[in-house]
Amino acid sequence: MILVIDVGNTNITFGVYEGKKLVTTFRMMSKLPHTSDEYGMSIRQLLMFDGISKEQIEGTILASVVPNIMHSLVGGITRYLGTPPLIVGAGTKTGIRIITESPKEIGPDRIVDAVAAYEKYGGPVLVLDFGTATTYDYVTADGCFAAGITAPGIRISAKALWEDTARLPVVEIKKPKSILAQETISSMQAGLVYGQIGQTEYIVNAVKKETGLPDMKVVATGGLGRIIADETDVIDIYDAALTMEGLRYIYEKNRR
């Protein structure tokens, strides 16, 4: 078994693979500070809850966009699982080539998603990740990471609404019954969800037009991606485990 770890701005997502099968996933919040012992013990206990012992974990791979927790997290994994993690970064074999102006500025999470989309669905492909930020990454037919667009995620937009206005409440992010909202909560939900749908459709269509690839495949992932994918025809595939799969692909490439 291998343990794959995606450290995002909001959550740390863990997945355990047995061969090519994802057997379990679990999450921790990434915004709360922990010591290496707290990380290590928590991970051990969560694995044990699923009947997985540390001896069954033969390797670990990690991609992170949160540098300030890396020392404690890596230390906890190394001490309590006995497997120093492979950290996705410069020099890691990924199978794709980054041809943007500043390759080192591309986040490891975006590289991992691009690898998974290209390996599973081929290229050219546009990879959408609805996370803390909403990202759109273009991978060419021959496996080059060629361009990326970054926009505020739905949660960031929602947080701005209820934190920067005096009278707007915290609301659940979901599609309301109608865009013709008649009270505050559904009004906010309509703006957030339909606004994201509109942004998604415009950016996807603009990328297809500028690349001259109207039939480019569009693959989406991310916690809130399902809401958007269900409401628009511009997304061809929603793959909730895309990042986990990308980490597994990269681990296998580097192990070989």
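The shown structure was predicted, so the numbers you read here are calculated from the model rather than taken from an experiment. (Residues numbered from 1 in each chain as written. Predicted model: local features only at pLDDT ≥ 70, side-chain atom pairs only at ≥ 80, totals over all residues. Heavy atoms only, no water.)

Regarding the layout of surface pockets
Rolled over the atoms, a probe with the dimensions of a water molecule shows which regions are left empty.
And step 1. In this structure, the largest pocket occupies an estimated 980 Å³ of space.
And step 2. As for the largest pocket, its lining consists of 37 residues, and the residues nearest its centre are Thr10, Phe130, Gly131, Thr132 and Gly223.
And step 3. Among the elements that take part in the lining of the largest pocket, helix 4 (residues 154-164) stands out by supplying four residues, more than any other.
And step 4. Taken together, the residues of the lining of the largest pocket sort by class into 14 nonpolar, 14 polar and nine charged.
And step 5. Residues from two domains meet in the lining of the largest pocket; each of domain 1 (1-86) and domain 2 (95-245) gives at least three.
And step 6. When its volume is computed, the second largest pocket comes out at roughly 280 Å³.
And step 7. In terms of lining, the second largest pocket is formed by 14 residues, of which the most central are Gly89, Ala90, Ile98, Pro103 and Ile111. (1 Å grid on protein atoms, 1.4 Å probe; cavity = no way out; pocket = protein on both sides within 12 Å on 5 of 7 lines; lining within 4 Å. Points joined across faces, edges and corners; volume = space filled by probe spheres on them. Helix = DSSP H or I, 4+ residues; strand = E, 2+ residues; numbered from the N terminus. Nonpolar A, V, L, I, M, F, W, Y, C, P; charged D, E, K, R; others polar. Domains from an automatic or database assignment.)

A closer look at the pattern of salt bridges
Two side chains carrying opposite charge are able to pair once their charged atoms lie near each other.
And step 1. Evaluated as defined, the whole model comprises nine salt bridges.
And step 2. Between arginine 255 and glutamate 58 there is a salt bridge, with its nearest N and O atoms 2.7 Å apart. Note that arginine 255 is positioned in helix 7 (residues 242-255) and glutamate 58 in the loop between helix 1 (36-49) and strand 4 (59-64), a separation of 197 residues in sequence. No difference in accessibility class separates arginine 255 from glutamate 58, as the two residues are exposed.
And step 3. One salt bridge connects glutamate 119 with lysine 253, and the closest N-O pair in it is separated by 2.7 Å. Taken together, the residues span a long stretch of sequence, with glutamate 119 in helix 3 (residues 108-121) and lysine 253 in helix 7 at a distance of 134 residues.
And step 4. Note on glutamate 119: relative accessible area 34%, which makes it partly exposed.
And step 5. Several salt bridges converge on common partners, so that one network encompasses Glu245, Arg248 and Glu252. (Salt bridge = Lys/Arg side-chain N within 4 Å of Asp/Glu carboxyl O. Buried < 20%, exposed > 50% of the residue type's maximum accessible area, 1.4 Å probe, protein only.)

Quick look at the sheet that holds strand 5 (residues 86-87)
And step 1. Strand order in the open sheet formed by five strands is 3-2-1-4-5, with mixed pairing between adjacent strands. Only two strands of the sheet have a single partner each, and these edge strands are strand 3 (21-29) and strand 5.
And step 2. Along the sheet face, helix 2 (residues 70-81) touches strand 1 (2-7), strand 4 and strand 5 and points at about 170° away from the line of strand 4. (Pairing = 2+ DSSP bridges. Contact = heavy atoms within 4.5 Å. Axes fitted to C-alpha atoms, helices over the stretch in contact; angles between N-to-C directions.)

Quick look at the UniProt feature "binding site: substrate" (unreviewed entry) in the protein
And step 1. Per the UniProt record, "binding site: substrate" (unreviewed entry) is found at Gly107, Pro108, Asp109, Arg110 and Thr184. These annotated residues cover 78 residues of sequence, and their C-alpha atoms sit far apart, with the largest distance between any two at 38.2 Å. Put simply, the named residues that line the largest pocket are Asp109 and Arg110.
And step 2. On the secondary structure map, proline 108 appears in helix 3.
And step 3. Overall, proline 108 belongs to the buried group, its relative accessible area being 17%.
And step 4. Discounting residues that sit within four places of it in the chain, proline 108 has contacts with Ala63, Ser64, Val65 and Val88. (UniProt positions renumbered as here; feature names shortened; annotations may be inferred.)

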